[in-house]
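For reference, the chains in residue letters:
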Amino acid sequence: MTAKLDYRWHLRQVMASRGMFATTDLASPLAERGITLSASQIYRLVVERPERLSLKVLVALLDILGCTMEDLIEPVAAAKPMRKNRTATGEEAGVGDLRPKRARIAPVGD
C-alpha cells in the first residue's frame, strides 16, 4: 500500500529568516512580478497552509525570498487516522453500543 503524503508550509519561517516579519512585506515585491493579491490573501498565504497555489505565485515567492521549493514545502507522511476500538468479538465499538437498551415490557399472562 502506498503511503499518503502531506506537507508542511514554511513561508512564515523563510520570510522571518530574510528579515520579513509583516505579511505586507510581500505586497510590493509580488506586485513587481505581476502578482496582485489582496492583503487578506497575502495574510492567508503566509499564516495558513495553502491547499491550492498558483505556480506563478510560487515562482514569485521563490524569487522574492531567494530560496528553493524544499525551503518552502516539506513533504511529510500523512497522519494515520485513529483506530476505532474493537470489542472482544472483533466488532467495532461505536456510540450506539454504549447507549442503554430500551426496556421491553411484555404483557403478563392471566
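Cut-off values and rules
Residues numbered from 1 in each chain as written. Predicted model: local features only at pLDDT ≥ 70, side-chain atom pairs only at ≥ 80, totals over all residues. Heavy atoms only, no water. Helix = DSSP H or I, 4+ residues; strand = E, 2+ residues; numbered from the N terminus. Buried < 20%, exposed > 50% of the residue type's maximum accessible area, 1.4 Å probe, protein only. Contact = heavy atoms within 4.5 Å. 1 Å grid on protein atoms, 1.4 Å probe; cavity = no way out; pocket = protein on both sides within 12 Å on 5 of 7 lines; lining within 4 Å. Points joined across faces, edges and corners; volume = space filled by probe spheres on them. Nonpolar A, V, L, I, M, F, W, Y, C, P; charged D, E, K, R; others polar. Core = buried A, V, L, I, M, F, W, Y, C linked by side-chain atoms within 4.5 Å. Salt bridge = Lys/Arg side-chain N within 4 Å of Asp/Glu carboxyl O.

Student: Give a description of the overall build of the chain that names residues and reports values.
Tutor: Along the backbone of the chain there are six helices and two strands. When the helices and strands of the chain are listed from N to C terminus, the series reads β-α-α-α-α-α-β-α. Relative to its 110 residues, the chain shows a buried fraction of 23%. In the chain, of all internal contacts separated by at least 6 residues, the share reaching a separation of at least 24 is 65%.

Student: How would you summarise the layout of surface pockets if you had to cite specific residues and measurements?
Tutor: Left-over empty space is what a probe sized like a water molecule reveals as it rolls over the atoms. Quantified by volume, the second largest pocket comes out at close to 170 Å³. Take the lining of the second largest pocket: its biggest share by element is three residues, from helix α3 (residues 39-47). Each residue belonging to the lining of the second largest pocket can be placed in one class, and the counts come to five nonpolar, one polar and four charged.

Student: Summarise the nonpolar core; cite the residues concerned and give the values.
Tutor: By size, the foremost hydrophobic cluster in this structure holds 20 residues, and its most contacted members are L11, M15, L26, L30, L61, L65 and L72. Among the elements of the structure, α1 (11-17), α3 and α4 (55-65) are those that each provide at least two residues to this core. Of the residues forming this core, the biggest block, seven residues, is contributed by α4.

Student: Describe the side chain of T23, naming the residues involved and giving the relevant values.
Tutor: With respect to the helices, strands and loops of the structure, T23 is situated in the loop between α1 and α2 (27-32). A relative accessible area of 19% places T23 in the buried class. Those residues within four positions of T23 in sequence are excluded, and the remaining contacts are M15, I42, Y43 and V46.

Student: Hey, could you go over the pattern of salt bridges for me, with residue numbers and the actual values?
Tutor: Under the counting rule described, the total for this entry stands at five salt bridges. For the salt bridge of R49 with D6, the shortest nitrogen-to-oxygen distance reads 2.7 Å. With R49 in the loop between α3 and α4 and D6 in strand β1 (residues 5-9), this pair connects stretches of sequence that are 43 residues apart. The partly exposed category is assigned to D6, whose relative accessible area is 29%. We note a salt bridge from E51 to R49, for which the minimum N-O separation is 3.3 Å. Because the salt bridges share partners, they merge into one network encompassing D6, R49 and E51.

Everything listed here is a matter of geometry and, on its own, says nothing about what the molecule does.
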